[in-house]
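# Structural overview
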Amino acid sequence: MPLTLRKRAGERRKGRMFMLRKEQNDYLTQTDPGTPMGDLFRCYWMPALLSEELPEADCPPVRLKLLGERLVAFRDSEGKLGLIDEFCAHRGVSLWFGRNEECGLRCPYHGWKFDVTGQCVDVPSEPAESGYAKKVKLKSYPLIEKGGVLWTYMGPPEKQPPEPEYEFCTVPLNQTFMTKRLQESNWLQAMEGGIDSSHVSFLHRGDLSTDPLFKGAAGNKYNMQDLSPVFEVTESDGGLLIGARRNAEDDQYYWRITPWVMPCYTGVPPRGDHPMHGHFWVPIDDHSCWAWSYDYHPTRALTDHEVDSMKAGKGIHVRYVPGTYRPLANKDNDYLMDREAQKAGRTFSGVEGIGMQDASLQESMGPICDRTKENLVGTDNGIIMARHRLMRSAKALAEKGVIPPGVDPEHHKVRQAALLLPRDVQYKDGAKEALKAKKGVRQTSV
Amino acid sequence: MQSESARVTTAQEAKYRVQYPNSQRRAVKVIALDPPSAQMIDELAKKEWNGATFFRALSFASDAEPGKTNAGLNAWLNDLAGRALDLVSEVASSDFIVVVSAAGEDARSVSVIADACTAHHKTLVALVVPGEGASDADVSASMSHLRPYARMLVIAHDADYITAMLTALRA
Ligand code: FES
Ligand SMILES: [Fe+2]
């Protein structure tokens, strides 16, 4: 009897020992159809493809996987965009081999043809008058173009929200630049890197003074002088604001404020007049995601030098294996690890470039990070709160149909900011205007 | 030949992560700074924790004057049974300190706790819980009061968050 009692107590304690229980980790990381987080993601418009991937009418179709669903995208003869089930309804051939012609994608096997809504419009073996084609329809999702990005919404049609209003996709195209890269890990460990402000002083310390898209900002000196910032986390309507505060001169604080908009948008606080950047972390399946990286300036065109630097993989962008969106430095070549550069302090981890510094470490956690073994500290509260909000929102959606934060386009109109404030002023008051996206108004940055 | 990074980052290889407890139990001490937070903490304390302990700052629990810091660092805490405890030794034997403040309430006793944390090199995390009816001004007042002392300051709109945070910290 005493033995049983002791055992029970031990089991309970074991449960408590774990930071995040396995069920919770599964809950947060799985996004296939029918999972709670999968349903949550299916409330939002998400970046699906770059416009450049479907450059013109009747161009080659593109295969893609999102939230564990294999799809094919194409632009028809009239320029209309379609995102449909990848596999032909006849005998399951991939429509990636399809002929994109005369307003539809025709399967090369037996000639069945589908339009951008997935509707079958031709079954050559059957007389057109039979109406057979009308009874066949592939699943499809809306695909819209905005800011150089093709966005999709994969939820129930009756709940489709208004179009996204993130500032980077509403400014003129010469003010914005977007790339994407394949990340071979679960989306959550990637996204958590975007709100984990305390890693910057370590992992990326070499890049502040050398990267053309970071260097020269007056604020950089505060980063260098004060390696242990103090943090404040507050909820915003759409997600979180994570403020990192460092001492500055004259009774001022240097604040860097990172917004997170649910479920997977993060903004990096700006530096000087450099373009502002940030990410989307979009699940492909449970073991991989797309890391989208935007750079934009609210009030001016990007310079040739800036665009060239972005194309060359500087800042948060990367260089690619030619013809793909897979980074040139990847797990197959050990991320081009350079121990000499690490030893000499040119890079902290031995991997070059901010994007791959993050990706290499996040992929090293394994396809899905085992969060039951973590030992979080007080300064990890941004991550703790993001997980908490995701879990709570997914639950409220599942149980009561509550529309989660970040669906309303008003929630997208938030800006990252870097500013000096008197020590007795709260950033949520002092930076109130700085954190709003405003047409024609420059970002707040030092 | 497959690179080492490619080989070791598969789900298959993830199974070989060594299984053992990679940290020892930490003594997290949670201190309520005012009566409404003390009520919350009373509830929290009923749950099962991994060594976390819960206290009230004595500035409101006894006849000590609120925020009267020159009362010294002695006997500045009450445990939930009402016993007076020596703040300095409680802080000294902790791994880190969490203070909880209800927005708009008197949070001045944080300064004494922070002094003890500084003296013993302990991190102080401050949680502000707005509660029902708290105004923006209340939250702001609490924040500006706590800001100088906390390494991490969190506004927790949702009362569940304290539990979530303590669990995440293995408290
Ligand atoms: S120091 Fe943070 S993961 Fe190792
Ligand atoms: Fe990073």
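Read on for an overview of the structure.

## Observations concerning the overall build of chain A
Secondary structure assignment for chain A yields eleven helices and 19 strands. C-alpha extents for chain A along the principal axes are approximately 80 × 75 × 45 Å. Counting over 446 residues, chain A shows a buried share of 58%. The contacts of chain A with a sequence gap of at least 6 include a subset with a gap of at least 24, amounting to 61%. In the form shown here, chain A has an accessible surface area of approximately 18800 Å², with 54% of it arising from carbon and sulfur atoms. A gap of 6 Å separates the mean positions of the 59 positive and 60 negative side-chain charges of chain A.

## Notes on helix α2 (residues 22-29) of chain A
Helical geometry: 3.6 residues make up each α-helical turn, so side chains three or four residues apart lie on a common side. All names here are of chain A. Of the residues making up α2, those classed as buried are Gln24, Asn25, Leu28 and Thr29. Each buried residue of α2 lies within a common arc of 120° when the element is viewed along its axis, so the set occupies one face. Away from its buried face by more than 90 degrees, α2 exposes Lys22 and Glu23. Buried-residue contacts for α2 involve α3 (36-41), α4 (187-195) and α10 (381-400).

## Things to note about the packing of α10(A) against helix α8 (residues 160-168) of chain B
Packing of α10(A) against α8(B) leaves a shortest axis separation of 10 Å and a crossing angle of 125°. Between α10(A) and α8(B), the interaxial angle falls into the category oblique. Handedness of the α10(A)/α8(B) crossing: right-handed. Contacts between α10(A) and α8(B) involve A:Asn381, A:Ile384, A:Met385 and A:His388 from the former and B:Asp160, B:Tyr161, B:Ala164, B:Met165 and B:Ala168 from the latter. The class makeup of the residues in the contact of α10(A) with α8(B) is six nonpolar, two polar and one charged.

## Digging into the pairing of strand β15 (residues 252-261) of chain A
Residue and element names in this part refer to chain A. Judged by how many residues are buried, β15 sits mostly within the fold: nine of ten residues are covered. Relative to β15, strand β14 (residues 239-248) runs antiparallel, the two sharing ten bridges. Pairing of Arg245 across the sheet is with Trp255, part of β15. Between β14 and β15, which follow one another and run antiparallel, lie three residues, and Asp250 among them has a positive phi close to 55°. With six bridges joining them, β15 and strand β19 (residues 417-422) adopt antiparallel strand pairing. Of the residues in β19, the one forming a bridge with Ile257 is Ala417. Pairing analysis gives two bridges linking β15 to strand β16 (residues 265-268), with the strands arranged antiparallel. Counterpart to Val261 in the pairing with β16 is Tyr265. Counted between consecutive antiparallel strands, the loop separating β15 from β16 contains three residues.

## Some thoughts on the interface of chain B and chain A
Contacts between the two partners involve 40 residues from chain B, matched on the other side by 49 residues from chain A. At the boundary of chain B with chain A, the tally comes to two salt bridges. Measuring nitrogen to oxygen at the nearest pair gives 2.4 Å for the salt bridge that ties B:Arg147 to A:Glu232. Across the chain B-chain A interface, the total number found is 24 residue pairs in polar contact (both at pLDDT 80 or more). Mapped by element, the contributors of at least two residues to the side of chain B that touches chain A are α1 (4-8), α7 (136-146), β7 (152-155) and α8 of chain B. By residue class, the composition of the side of chain B that touches chain A is 18 nonpolar, eleven polar and eleven charged. Pairing between strand β13 (residues 230-235) of chain A and β7(B): three bridges, direction parallel. Within β7(B), the position partnered with A:Phe231 by the bridge is B:Met152.

## With respect to the pattern of salt bridges
All names here are of chain A. Going through the model one piece at a time under the given rule, you end up with 36 salt bridges over all chains. The partner of Glu23 in a salt bridge is Arg21, and the shortest N-O contact between them spans 3.1 Å. Across the salt bridge formed by Arg300 and Glu306, the nearest N and O atoms sit 2.8 Å from each other. Taking the relative accessible area as the measure of exposure, Glu306 reaches 9% and is therefore buried.

## Description of the sheet that holds strand β9 (residues 140-141) of chain A
As summarised here, the arrangement of the four strands in space is β2-β3-β4-β9 (chain A), forming an open sheet in which the pairing is antiparallel. Two strands in the sheet have a free side with no partner beyond their single neighbour: β2 (62-66) and β9 of chain A.

## Description of the coordination of the iron ion (ligand 2)
Residues and elements named next belong to chain A. Those donors, His199 (NE2), His204 (NE2), Asp358 (OD) and Asp358 (OD), are the protein atoms that reach the iron ion (ligand 2), and they lie 2.1 to 2.3 Å from it. Between the four donor atoms coordinating the iron ion (ligand 2), the angles at the centre fall across 58 to 148°, so the site counts as irregular. Coordination of the iron ion (ligand 2) draws on donor residues from a single chain, spaced H-x4-H-x153-D in sequence. In this pair, the class of His199 matches that of His204, namely buried.

## Brief notes about the side chain of A:Arg42
Relative to the assigned elements, A:Arg42 resides in the loop between α3 and β1 (45-50). From its side chain, A:Arg42 meets the backbone oxygen of A:Leu67 in a polar contact 3.0 Å long.

## Some words on a negative patch on the surface
Residue and element names in this part refer to chain A. A cluster of acidic residues, Glu249, Asp250, Asp251 and Asp424, forms a negative patch at the surface. Residue placement: Asp251 occurs in the loop between β14 and β15. Residue class for Asp251 comes out exposed when judged on its relative accessible area of 59%.

## Describing the packing of α2(A) against α10(A)
Residues and elements named next belong to chain A. Two elements in contact, α2 and α10, have axes whose closest approach is 10 Å; the angle formed by their N-to-C orientations is 75°. As the angle between them shows, α2 and α10 are arranged roughly perpendicular. On α10, the residues that touch Gln24, Tyr27 and Leu28 of α2 are Arg387, Leu390, Met391, Ala394 and Lys395. Residues belonging to the contact of α2 with α10 are distributed by class as follows: five nonpolar, one polar and two charged.

## Notes on empty space enclosed by the protein
Residues and elements named next belong to chain A. On inspection of all chains with the given rule, the structure shows three cavities of 30 Å³ or more. Considering only enclosed or pocket space, the largest cavity measures out at about 470 Å³ in volume. Lining of the largest cavity is provided by 32 residues; of these, His199, Val200, His204, Val268 and Pro269 occupy positions nearest its centre. Partitioned by chemical class, the residues of the lining of the largest cavity number 13 nonpolar, 13 polar and six charged. Each pocket or cavity is described by its volume, and for the second largest cavity that value is around 90 Å³. Along its surface, the second largest cavity is lined by 16 residues, and Tyr44, Trp45, Tyr166, Gly406 and His412 are the ones closest to its centre. Considered class by class, the residues forming the lining of the second largest cavity number 14 nonpolar, two polar and no charged.

Scoring rules and cut-offs
Residues numbered from 1 in each chain as written. Chains lettered and ligands numbered in written order. Predicted model: local features only at pLDDT ≥ 70, side-chain atom pairs only at ≥ 80, totals over all residues. Heavy atoms only, no water. Helix = DSSP H or I, 4+ residues; strand = E, 2+ residues; numbered from the N terminus. Buried < 20%, exposed > 50% of the residue type's maximum accessible area, 1.4 Å probe, protein only. Contact = heavy atoms within 4.5 Å. Areas by Shrake-Rupley, 256 points an atom, 1.4 Å probe, with all protein chains shown as cover. Lys, Arg positive; Asp, Glu negative; His and termini not counted. Charge placed at Lys NZ, Arg CZ, Asp CG, Glu CD. Arc of directions from axis to C-beta. Axes fitted to C-alpha atoms, helices over the stretch in contact; angles between N-to-C directions. Parallel < 35°, antiparallel > 145°, perpendicular 65-115°, else oblique. Left-handed = near helix turned anticlockwise from the far one by under 90°. Nonpolar A, V, L, I, M, F, W, Y, C, P; charged D, E, K, R; others polar. Pairing = 2+ DSSP bridges. Salt bridge = Lys/Arg side-chain N within 4 Å of Asp/Glu carboxyl O. Polar contact = N/O pair within 3.5 Å; in protein donor to acceptor, adjacent residues only side chain to side chain. Donors = N, O, S within 2.8 Å, 3.2 Å for Na, K, Ca; no water. Tetrahedral: all angles 85-135°; square planar, octahedral: opposite > 155°, others 65-115°. Patch = residues over 30% accessible without salt bridge, like charges linked within 9 Å, V, L, I, M, F, W, Y side chains within 5 Å. 1 Å grid on protein atoms, 1.4 Å probe; cavity = no way out; pocket = protein on both sides within 12 Å on 5 of 7 lines; lining within 4 Å. Points joined across faces, edges and corners; volume = space filled by probe spheres on them.

Everything listed here is a matter of coordinates, which is why it stays silent on function.
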